[in-house]
Amino acid sequence: MIVAFSVSPSGGEPDGGVSEAVAKAVKVVRESGLPNSTNAMFTNIEGEWDEVMDVVKRAVEAAGEGSARVGLVLKADIRPGFTGQLEAKVDRVEAHLREG
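Predicted model only: the values in this text are computed from it and were never measured. (Residues numbered from 1 in each chain as written. Predicted model: local features only at pLDDT ≥ 70, side-chain atom pairs only at ≥ 80, totals over all residues. Heavy atoms only, no water.)

**Some remarks on the overall build of the protein**
Basically, it comes down to this: Helix and strand labels come from DSSP, where a helix needs a run of H or I of at least four residues and a strand needs a run of E of at least two; each type is numbered from the N terminus. To sort residues, take the accessible area from a 1.4 Å probe on protein chains only and compare it with the maximum for the residue type: under 20% means buried, over 50% means exposed, and anything in between is partly exposed. Should any heavy atoms of two residues lie within 4.5 Å, those residues are counted as being in contact. Values of accessible area rely on a 1.4 Å probe in the Shrake-Rupley scheme; residue burial ignores everything except the protein chains shown. We score Asp and Glu as negative and Lys and Arg as positive, and we do not count His or the chain ends. The atoms used to mark charge sites are NZ of Lys, CZ of Arg, CG of Asp and CD of Glu.
Helix and strand content of the protein: 3 helices and 4 strands. Ordered by position from the N terminus, the helices and strands of the protein form the series β-α-β-β-α-β-α. Taken along the three principal axes of its C-alpha coordinates, the protein extends 50 × 30 × 20 Å. For the protein, the proportion of its 100 residues judged to be buried stands at 30%. Sequence-distant contacts, at least 24 apart, represent 67% of the contacts inside the protein between residues at least 6 apart. Summed over all atoms, the accessible surface of the protein reaches about 6700 Å², with 54% contributed by carbon and sulfur. Where the 11 positive side-chain charges of the protein centre and where its 16 negative ones centre are 3 Å apart.

Right, here's the structure in full:
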């Protein structure tokens, strides 16, 4: 499965940013060893259901340290029997774009 998620703790930085808290969450994801990527809106992680959800839970906890509330947005692509889709899905789109 691939999960795209975004965490946002209440409070944050004086300018409304949450980059420091998000960095804590991304660190948990990267240290998990599971395939992942981060963009301006979401962090994507790929693996089996239980291992992905465990990482998401720990990332939310890390982002929420010192905060009374954390918002979580999560989208999942559950496709049993498929791996390597974090890159393969993008590769298929790029192939269509090259074809014109």
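**A short note on the sheet that holds strand E1 (residues 2-9)**
How we decide: Strand pairing is defined by DSSP finding a minimum of two bridges between the two strands. To define axes, lines are fitted to C-alpha atoms, for helices over the stretch in contact only, and angles between the resulting N-to-C directions are given on a 0 to 180 degree scale.
Here we have 4 strands laid out as an open sheet, ordered E2-E3-E1-E4, and antiparallel in their pairing. Looking at strand neighbours, the two that pair on one side only are strand E2 (36-38) and strand E4 (70-77), the edges of this open sheet. Across the sheet, the axes of successive neighbouring strands diverge by a mean angle of 15 degrees, strand direction being ignored. Docked against the sheet, helix H2 (residues 49-63) engages E1, strand E3 (43-46) and E4, running at close to 15 degrees with respect to E1.

**Some points on empty space enclosed by the protein**
Convention followed: With a 1 Å grid spanning the protein atoms alone, the term cavity applies to any set of points in which a 1.4 Å probe fits but cannot get out, the term pocket to an open set with protein on both sides within 12 Å along at least five of seven lines, and the term lining residue to any residue with an atom within 4 Å of a point. Grid points are joined across faces, edges and corners, and a volume is the space filled by probe spheres set on the points. Classification convention: Asp, Glu, Lys, Arg as charged; Ala, Val, Leu, Ile, Met, Phe, Trp, Tyr, Cys, Pro as nonpolar; all other residues, Gly among them, as polar.
This model, assessed by the stated rule, comprises 1 cavity of 30 Å³ or more. Around the largest cavity sit Met1, Ile2, Glu46, Asp77, Arg79, Phe82 and Gln85, which together line it. Partitioned by chemical class, the residues of the lining of the largest cavity number 3 nonpolar, 1 polar and 3 charged.

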